[in-house]
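Descriptive analysis of the structure
Here is what each chain is made of, one letter per residue.
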Amino acid sequence: MAKATNKLHGKDLRQLGFTDDKQISRALDILDQRELRRLDKGSALALLREIKADPFKYVRDQTWRPLAQELVPQPSRDVQLNPSIKDYRRYGDAFIEDGARKQMDTAMQLPVTIDGALMPDAHQGYGLPIGGVLAVDNAVIPYGVGMDIGCRMALSVFDMPARYLEQRRDELKKLLHNHTRFGGKEVFKNPADDPVLERPEFREIGVVRGKREAAINQLGSSGSGNHFVEWGLVDITAEDNDLNLPVGQYLGLLSHSGSRGLGAAIAQHYTKVAMNKCPLPPEARYLAWLGLDTQEGQEYWAAMNLAGDYASACHHDIHRRLSKALGQEVLAKVENHHNFAWKEQLPDGREAIVHRKGATPAGQGVLGVIPGSMTAPGFIVRGRGEQDSIQSASHGAGRRLSRTQAKLQVTEGELRRLLRDQGVELIGGGLDEAPMAYKDIHQVMAHQRDLVDVLGSFQPKIVRMDAGGAGKSRYGGE
């Protein structure tokens, strides 16, 4: 047994400025480890003095990490909101629920907030309301992005007449059965490969590293709840449509899904990190942020972008599989994120981090898809770059009833009759996703005429969703 030569006592550490008994005990325990016992007293004191002066230098040291982590200055536990609410624009204010307005008011009191806007499909969520747009200074809010990072819409347009859909309905329905997967258990036996799976983030970021295998298996699948893949009719109504399509009607394929388990794991992990490092009053706790000049902020930013690219890869695989099975080339595509954060320049020249939680990017000339409900049309839009909305628009119709309310107020018979009357076949889904649970998409679009130009519409006809029928809202949900 090596003989201890440093034999320090608590009073020695107090003379160095250690005041916490727990830290003193921790330091003495570490010094009592076999490999450190031969240190003379002077060397031990010098080492402890250095660790106390610069604990950040030792947080990755296997031996001294436990002490260094306790010595790292902790953030103030009293991060305060600004007393006043910054002014922001609300679109369709008359039918936005109070809960969503209150959540947005709170977001506009954050010390990092620069600007904000609330879209006409807005409803209450966690942190930012669904339909909330928030521009902040050099920070990112994990719950300002949401749980399903990079959730997006993707539309493929085929050069096939409208009559094909009715004439080949059974065939199209079978294609959805055979070439889509939903929920937590359905995956393809032979998932496709994609360059996103070789990204360095899967090796470099801890929370992501453990999710690569699941990401491989889930590639090309869709989530539960509000996620769907559907055949429908595309009507191009604007001659100047940026899609190089003549005005007319086409067969379309529309999908809505996100980053699956990968995005959820990233959101959960970094929300906890942010809430620990940026403790806010109870009403604002889910708006905790990470500075982009911190390691955690940079990690989340990299992981968020990976999840967004993974979500895009899933949609590309869905459309590739179905296009190949259909035997038709795609004439035009439209794809857009929501539930994401972007670095953008504001009108005054400042760079801001713009969070769109359930909001569609609508910069000048930017194309997007805004769905309605399983029986109401969605719209192909082109952004007008409106600065009051922070170049954003709604991402759907938005909920009128909560999922619980929908299950209580809508019957299976009512849903079946409505689907039959509208000529829509639903595979899977549930009462919580019934069209009656959603706002009128035409009203929503009327409140954002200044934000987007409508180029055409998409009318769902064969809709596939997760058979569980539970979870997030299908259209306009988080």
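Residues numbered from 1 in each chain as written. Predicted model: local features only at pLDDT ≥ 70, side-chain atom pairs only at ≥ 80, totals over all residues. Heavy atoms only, no water.

This paragraph deals with unusual backbone geometry. Unusually for a residue other than glycine, D242 sits at a positive phi of about 65 degrees. Phi at N339 is positive, roughly 60 degrees, even though this residue is not glycine. Mapped onto the elements, N339 comes out in the loop between strand 9 (330-337) and strand 10 (340-345). (Helix = DSSP H or I, 4+ residues; strand = E, 2+ residues; numbered from the N terminus.)

Its location among the elements puts R356 in strand 11 (residues 351-357). Contacts of R356, omitting those with residues within four sequence positions, involve G132, V133, G144, H338, N339, F340, W342, E344, P361, I390, Q391 and S392. Within the local environment of R356, its side chain forms a polar contact with the backbone oxygen of Q391, the two atoms lying 3.3 Å apart. A polar contact is formed between the side chain of R356 and the side chain of S392, at a distance of 2.7 Å. (Contact = heavy atoms within 4.5 Å. Polar contact = N/O pair within 3.5 Å; in protein donor to acceptor, adjacent residues only side chain to side chain.)

A word on the sheet that holds strand 11. Spatially, 1-2-3-11-10 is the arrangement adopted by the five strands of the open sheet, whose pairing is mixed. Among the strands making up the open sheet, the edge pair consists of strand 1 (89-90) and strand 10. In the sheet, strand 2 (residues 113-123) pairs with strand 3 (residues 130-136) via six bridges, with the strands oriented antiparallel. Note on strand 3: the bridge partner recorded for A117 is V133. Packing against the sheet, helix 5 (residues 98-107) makes contact with strand 1, strand 2 and strand 3, and its axis sits at approximately 170 degrees to strand 2. On top of the sheet, helix 13 (residues 295-326) reaches strand 10 and strand 11; it is set at about 110 degrees to strand 10, its chief contact. (Pairing = 2+ DSSP bridges. Axes fitted to C-alpha atoms, helices over the stretch in contact; angles between N-to-C directions.)

All quantities given are derived from atomic positions and should not be read as evidence of function.
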